[in-house]
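Close look at the chain arrangement
These are the residues of each chain, in order.
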Amino acid sequence: MIYFDHNATTAIDDRVLETMLPFLKFFFGNPSSLYRHGRLVRSAIDTAREQIAGVIGVHVTQIIFTSGGTEANNLALTAIKSDSKLAISAVEHPSITEPAEYLARQGHELKFIGVDRNGIVSQEAINEIIQQRPALVSIMLANNETGVIQDVAHYAQQLKNKGIIVHTDAVQALGKIPIDFKRLGVNMMTLSSHKIYGPKGCGALIVDKDVNLKAMLLGGGQEQGLRAGTENVPAIIGFGKAAELAGLELAQRAGHLLKLRNILEDRLLSIQGISIFAKDVERLPNTVQFGMEGMDGEMLLMKLDKKGIAVSSGSACASGGGKPSSVLVAMGVTAELAKGAIRVSLGKSNTEEEIIEFIDLLETLVTPG
Ligand code: PLP
């Protein structure tokens, strides 16, 4: 199989798996237990926390482990004070838009921060939102469909100066571009393990001292009382290792991905009628989303699948929904073109040969006759 869907999920790195295995088999103690078997596991979790803290430049106490990016995003929005407004960008992942819409049904006013035709939040949109005086704003660092990177640092500073709490979903950015929590200047940031060659079912919300979260799970007081429940020990340990590797290998991985992306984009543009979304703005080095008028993205995905190539026709969660991508719609892409969208998201093991095989096949599938 040629796997081109790394924004949906990644295969676990062998080095990550090796780190996890002893904690599935031998070191099964509960990290809250006081005897040695428990303390040893606690110390392995502490190591994972240090590994993650090191990659994004935070203190270990700022990390709250969760079951993934979805839970971390939901938890972030609990920081909203009662009777206050919430604003999110128009291109957020459903794990932000759905809880935001839930909060709106509970009486919070919800505002959407518009994006331009490249999916970028503009200064005008930020000025407008500041006028609305929301208590909390969420703007993702990198988009899962288009790969577009937002200037979160620039906007976070302006918003925080007005006393607004700022959250960013950095699930797709981690491991692909450098991330420094302090330099971004946000109050909260979401991460997920399975997008960086770590195990599924693990993520984290990074918080600063100004944030007052409301725990969604109450119980044994784990994670500073903000996320009760016995820790998913092997996954947390795997997440830590995956984060460490992502930090150490960032430059090499990003260089490889960008080289492949350039080859892919050059070849794509030589196919008549294909356009690449947000082509000329800063994007993740691994992501290309393209469309062609009259093309059916889902149909093309199935044809590619038959030939052993895995791509996405939008975000993984939206796939199969039959609706055009809300991200592309927010960018003003016509429903017709959006329905034909295909996302290729490359990973560290992909090769130039795979790109060429994909493009050769794509040409035969989209060229009439
Ligand atoms: N945020 C973004 C931008 C994502 O792409 C995803 C997953 O696709 C998530 C959040 C959810 O993360 P998880 O799958 O760990 O719940």
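Residues numbered from 1 in each chain as written. Predicted model: local features only at pLDDT ≥ 70, side-chain atom pairs only at ≥ 80, totals over all residues. Heavy atoms only, no water.

With that out of the way, let us pick up the site of the ligand. Taken together, the neighbourhood of the ligand is formed by 14 residues, with T70, D169, Q172, S192 and K195 sitting nearest. At 2.8 Å from an oxygen atom of the ligand is found a main-chain nitrogen or oxygen belonging to G69. In the model, an oxygen atom of the ligand is placed 3.3 Å from a nitrogen or oxygen of the H93 side chain. With the chains in place, 89% of the 390 Å² that the ligand exposes on its own is no longer accessible. With three residues, helix α3 (residues 69–77) is the single largest residue contributor to the shell around the ligand. The class makeup of the residues in the shell around the ligand is two nonpolar, 10 polar and two charged. (Near = heavy atom within 4 Å. Polar contact = N/O pair within 3.5 Å; in protein donor to acceptor, adjacent residues only side chain to side chain. Areas by Shrake-Rupley, 256 points an atom, 1.4 Å probe, with all protein chains shown as cover. Helix = DSSP H or I, 4+ residues; strand = E, 2+ residues; numbered from the N terminus. Nonpolar A, V, L, I, M, F, W, Y, C, P; charged D, E, K, R; others polar.)

Taken as a whole, this structure holds three aromatic pairs when the rule is applied. Between the aromatic rings of F4 and F358, the centroid separation amounts to 5.5 Å while the plane-to-plane angle is 90°, which identifies the pairing as edge-to-face. With F4 in the loop between β1 (2–3) and α1 (14–25) and F358 in helix α13 (residues 352–366), this residue pair connects regions lying 354 residues apart in the sequence. The residues F4 and F358 share a single accessibility class, namely buried. Ring centres 6.3 Å apart and planes at 70° place the aromatic pair F65 and F239 in the edge-to-face group. Note that F65 is positioned in strand β2 (residues 63–66) and F239 in helix α8 (residues 233–248), a separation of 174 residues in sequence. The class of F65 is buried, set by a relative accessible area of 3%. F239 gets classed as buried once you look at its relative accessible area, which sits at 0%. Over the ring of Y197 we find K348; its NZ or CZ atom is 4.6 Å from the centre of that ring. (Phe/Tyr/Trp six-rings, centres within 6.5 Å; stacked < 30°, edge-to-face > 60°. Buried < 20%, exposed > 50% of the residue type's maximum accessible area, 1.4 Å probe, protein only. Lys NZ or Arg CZ within 6 Å of the ring centre and 35° of its normal.)

Spatial strand order, β9-β10-β12: three strands in an open sheet with antiparallel pairing. Because the sheet does not close on itself, it has two edges, and the strands there are β9 (274–276) and β12 (342–345). Between one strand and the next, the sheet's axes are offset by a mean angle of 30°, whatever the strand orientation. Sheet topology places strand β10 (residues 287–292) next to β12; four bridges connect them, and they run antiparallel. Of the residues in β12, the one forming a bridge with F290 is I342. (Pairing = 2+ DSSP bridges. Axes fitted to C-alpha atoms, helices over the stretch in contact; angles between N-to-C directions.)

Partitioning the protein chain into domains gives domain 1 (2–9 + 250–356) and domain 2 (14–248). Taking only C-alpha atoms into account, the centre of domain 1 sits 25 Å from that of domain 2. Summed over both partners, the interface of domain 1 with domain 2 comes to about 2600 Å²; 55% of that surface belongs to carbon and sulfur atoms. When the buried surface of domain 1 facing domain 2 is broken down by residue, L250, R253 and L284 rank first, second and third, together holding 26% of it. Linking domain 1 with domain 2 are zero salt bridges, by the criterion used here. For the interface between domain 1 and domain 2, the tally reads 15 residue pairs in polar contact (both at pLDDT 80 or more). Looking at the side of domain 1 that touches domain 2, the elements with two or more residues in it are α9 (250–269), β10 and α11 (326–330). Considering every element that reaches the side of domain 1 that touches domain 2, the biggest residue donor is α11, with four residues. (Domains from an automatic or database assignment. Buried area = accessible area lost by both parts, 1.4 Å probe. Salt bridge = Lys/Arg side-chain N within 4 Å of Asp/Glu carboxyl O.)

Turning our eyes to something else, we now look at unusual backbone geometry. Keep in mind that most residues, glycine aside, have a negative phi and that most peptide bonds are trans. We note that D83 has phi near 60°; this positive angle belongs to a residue other than glycine. Mapped onto the secondary structure, D83 falls in the loop between α3 and β3 (86–89). Taking the relative accessible area as the measure of exposure, D83 reaches 80% and is therefore exposed. For A278, which is not glycine, the phi torsion reads 55° and is therefore positive. Summarising the element assignment, A278 is placed in the loop between β9 and β10. Note on A278: relative accessible area 5%, which makes it buried.

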